[in-house]
Amino acid sequence: MKKNISGFSKLSKNEKIDWLIENHFNNQNSFRKILMQYWNSNSELQNLHDDFIENSISNYYMPLAISPNFIINSKYYTIPMVIEESSVVAAASKAANYWSCKGGFKSEILSFEKLGHVHFIYDGSYNELSSFISIIKPVLFKETSHITNSMKKRGGGILSIDLIDKTDKIKNYYQLKVIFNTIDSMGANFINSCLEKFSEILITKSNEYQIFLKKKNKIKIIMSILSNYLPNCIVKASVKCEINLLDKENKISRKEFAEKFVQAVNIAKIDPYRAVTHNKGIMNGIDSVVLATGNDFRAVEANAHAYSSRNGKYSSLSNAWIENNEFNFELKIPLSIGTVGGLTNIHPLVKWSLKLLNNPDAKELMEITAAVGLAQNFAAIRSLITNGIQKGHMKMHLINILNQLNASSKQKEKAIKHFKNKNISHQSVNNFLNSL
Ligand code: MEV
């Protein structure tokens, strides 16, 4: 049994690695070398990365790629994407090309509200509590003005504060539901600071306002936290074109393609097993932009999947239909992402990625990201209903298999040629390398 180590975070980076190598890697220095080969020789840059999190010991690389030819709201974009899955960027680029000569993607913000709650217990009457909240509402606004002032100057701040009665679900449970506009920041710190201040005010004022709140019925704060579920922070991305202007497919007519495509989306609307995979494909595109622009992909994922279940059953985030001989495809998704705050002003590659996008504001970044999600979904469904997904996927994966098998660059060159029109599997690549 290993012993707990105390004060680990206070050790230097080298001391932490010494401890690791001794306790987890049987003193084998090759494991130290693996960590150290990823250190950046620019110590300033390395320190910056080390400071992001506690107990940092190395850097974990992910590829940063670009996908050109995206036309979104009539503007041309080259999209930065961070992702490890080999076929995602290729698929996005293919879909971007496909739609660039058909008017491109349209994207629009449908709503833009963030929210959070103070969760608390109160064992008195709802009417007492409601009068108390109405009386102290101006105090809640005033006493958080030191936090909200600069956001207000930029047109944002606290939009509303409401008491929500949840006593039918949990005895004496209420929420203060607060809606925010956090402009260009994702807003987590801003929202949580306001909510924690509100909880303090609730306690101090409940002691003062005993006319409304009988002393025995004290408010007990459980927690104050933003919600990552934001069904009123929605962006819609869409494409459409006449069926006879769709690209010619190999084995099926344009009409058949459009009809099959709509069927595929309908299946994802009614079947959660398919919907999860369908939405995962959308998130391939969304997450890669979210990561490249330094946003919180866990929050974005949680939000998207909760929204997918908003009608009581997990379903597709996208929709497709044919109307008047026109193929329509759209994605509605909640996205809480920012272009200021967090990593956006610190990580050099995040700053670079935002510059590549021409330094968009948060709403424009939402529009771009949703369009990439739709592109990804389009590319996946197009492959699924025509050639199947594995052909393109394994073509992109071939190089990973070759790397796994330690192929030389000459062998790789030969393998790429050989497998151009052949089925690719780990076994077939291995056999081919052995035959050389
Ligand atoms: C793979 O990462 C994503 C897909 O499975 C998405 C889909 O099935 O729609 C191809």
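Along each chain, residues carry numbers from 1 onward, in the same order as the chain's sequence is written. Where totals are concerned, whole chains, interfaces and linings use all residues; where local detail is concerned, this predicted model gives features only for residues with pLDDT of at least 70, and gives and counts side-chain atom pairs only at 80 or more. The side-chain values count all of the structure's non-hydrogen atoms but skip hydrogen atoms and water molecules.

As for the overall build of the chain
A count of helices and strands for the chain gives 15 helices and ten strands. Expressed along its principal axes, the backbone C-alpha trace of the chain runs to roughly 90 × 70 × 40 Å. Going through the 436 residues of the chain one by one, you find that 44% of them count as buried. Any two residues whose heavy atoms approach within 4.5 Å at even a single point are treated as in contact. A fraction of 71% describes how many contacts in the chain between residues 6 or more apart in sequence connect residues 24 or more apart. Accessible area for the chain stands at about 23,100 Å²; split by element, carbon and sulfur atoms hold 51% of it. Counting from the N terminus, the helices are the DSSP runs of H or I reaching at least four residues and the strands are the DSSP runs of E reaching at least two. For each residue, the accessible area found with a 1.4 Å probe, counting protein chains only, is set against the maximum for its type, and the residue is called buried under 20%, exposed over 50%, and partly exposed in between. Under the convention used here, a 1.4 Å probe and the Shrake-Rupley method define accessible areas, while residue burial counts only the protein chains that appear.

Observations concerning the packing of aromatic side chains
Think of it this way: a Phe, Tyr or Trp ring, Trp meaning its six-membered ring, pairs with another when their centres are within 6.5 Å, and the plane angle makes it stacked under 30 degrees, edge-to-face over 60, tilted otherwise. Enumeration over the complete set of coordinates arrives at 20 aromatic pairs. The rings of Tyr98, Trp99, Phe257, Phe261, Phe327, Phe329 and Phe378 are connected pair by pair, giving a single aromatic cluster. For a lysine, the NZ atom is tested; for an arginine, the CZ atom; a charge sits over a ring if that atom is within 6 Å of the ring centre and within 35 degrees of the ring normal. The residue whose ring lies beneath Lys114 is Phe112, and the NZ or CZ to ring-centre distance is 5.4 Å. One Lys or Arg, Arg298, reaches over the ring of Phe297 and ends 4.6 Å from the middle of that ring.

Observations concerning the nonpolar core
Side-chain atoms within 4.5 Å link the members of a nonpolar core, which is a set of buried Ala, Val, Leu, Ile, Met, Phe, Trp, Tyr and Cys residues. Residues Phe70, Ile79, Phe261, Phe329 and Ile333 are the most contacted members of the largest nonpolar core, which totals 66 residues. By residue number, the principal contributor to this core is helix 12 (residues 362-385), which donates 13 residues. If near-sequence neighbours (up to four positions away) are discounted, Phe261 is found in contact with Ala320, Phe327, Phe329, Phe378, Ile381, Arg382 and Ile385. Counting 27 residues, the second-largest nonpolar core is a separate cluster that includes Val118, Val139, Val178 and Ile191.

So, the pairing of strand 9 (residues 318-323)
Sheet topology places strand 9 next to strand 10 (residues 326-334); six bridges connect them, and they run antiparallel. Bridge assignment links Trp321 to a residue of strand 10, and that residue is Asn328. When DSSP locates at least two bridges between a pair of strands, those strands are taken to pair. The loop that links strand 9 with its antiparallel partner strand 10 comprises two residues; one of these, Asn324, has a positive phi angle of about 45 degrees.

Brief notes about the packing of helix 8 (residues 254-270) against helix 9 (residues 272-292)
Each axis is a line fitted through C-alpha atoms, and for a helix only the stretch in contact is used; angles between axes span 0 to 180 degrees, taken between their N-to-C directions. Where helix 8 meets helix 9, the closest approach of the two axes is 6 Å, and the angle between their N-to-C directions is 115 degrees. The angle between helix 8 and helix 9 places the two elements in the roughly perpendicular class. Once helix 8 is placed against helix 9, the crossing between them reads as left-handed. Residues Val265, Ile267, Ala268 and Ile270 of helix 8 lie in contact with helix 9, whose contacting residues are Pro272, Arg274, Ala275 and His278. When residues are sorted by character, Ala, Val, Leu, Ile, Met, Phe, Trp, Tyr, Cys and Pro go into the nonpolar class, Asp, Glu, Lys and Arg into the charged class, and all the rest, Gly among them, into the polar class. Class assignment of the residues belonging to the contact of helix 8 with helix 9 gives a composition of six nonpolar, one polar and one charged. Every angle not falling under 35 degrees, over 145, or within 65 to 115 is termed oblique; those three ranges are roughly parallel, roughly antiparallel and roughly perpendicular. By convention the crossing between two helices is left-handed if the near helix lies anticlockwise of the far one by an angle smaller than a right angle, and right-handed if it lies clockwise.

Some thoughts on a nonpolar patch on the surface
Without a salt bridge and with relative accessible area above 30%, a residue can belong to a patch; like charges are then joined within 9 Å and nonpolar side chains (Val, Leu, Ile, Met, Phe, Trp, Tyr) within 5 Å. Any Lys or Arg side-chain nitrogen located within 4 Å of an Asp or Glu carboxyl oxygen qualifies as a salt bridge. On the surface, Phe31, Ile34, Tyr38 and Tyr61 cluster together into a nonpolar patch covering about 390 Å² of accessible area. You can call Tyr38 partly exposed: its relative accessible area is 31%.

A short note on the site of the ligand
Here a residue is considered near a molecule or strand provided that any single heavy atom belonging to it is located within 4 Å of it. The immediate surroundings of the ligand are formed by Glu85, Arg274, Thr277, His278, Lys280, Gly281, Asn284, Ala380, Leu384 and Ile389. Side-chain atoms alone can form a polar contact between residues adjacent in sequence; in general such a contact is a pair of N or O atoms within 3.5 Å, and within protein one must be able to donate a hydrogen while the other accepts it. In this structure, Arg274 approaches the ligand through a side-chain N or O atom, which is 2.8 Å from an oxygen atom. Contacts to the ligand include Asn284, whose side-chain N or O atom sits 2.9 Å from an oxygen atom. Compared with its free state, where it exposes 300 Å², the ligand has 83% of that area covered by protein. For the shell around the ligand, the leading source of residues is helix 9, giving six residues.

Overview of the side chain of Ser87
Its place among the elements puts Ser87 in the loop between strand 2 (75-82) and helix 4 (88-100). In this structure Ser87 touches His393 and Met396, once residues within four positions along its chain are discounted.

A look at the sheet that holds strand 8 (residues 234-242)
With antiparallel pairing, four strands are arranged side by side in an open sheet as 3-8-10-9. Since the sheet does not close on itself, it has two edges, and those belong to strand 3 (106-109) and strand 9, each with one partner. When strand polarity is set aside, the average angle formed by the axes of neighbouring strands in this sheet is 20 degrees. With four bridges joining them, strand 3 and strand 8 adopt antiparallel strand pairing. When the bridges of strand 8 are listed, Ile109 appears paired with Val235. Strand contacts of helix 8: strand 9 and strand 10, with the helix running at about 145 degrees to strand 9, the strand carrying the most contacts.

Regarding the sheet that holds strand 5 (residues 157-165)
With antiparallel pairing, the four strands of this open sheet are ordered in space as 5-6-4-7. Edge positions in the sheet fall to strand 5 and strand 7 (219-227), since each has one partner strand and no second. Going from strand to strand, the sheet's axes swing by 20 degrees on average, the running direction of each strand aside. For strand 4 (residues 114-122) and strand 7, the ladder comprises eight bridges, and the chain directions are antiparallel. Counterpart to Ile121 in the pairing with strand 7 is Lys220. Sheet contacts for helix 5 (residues 126-142): strand 4, strand 5, strand 6 (173-181) and strand 7; angle to strand 5, the most-contacted strand, approximately 170 degrees.

Taken by themselves, the reported measurements are silent on function.
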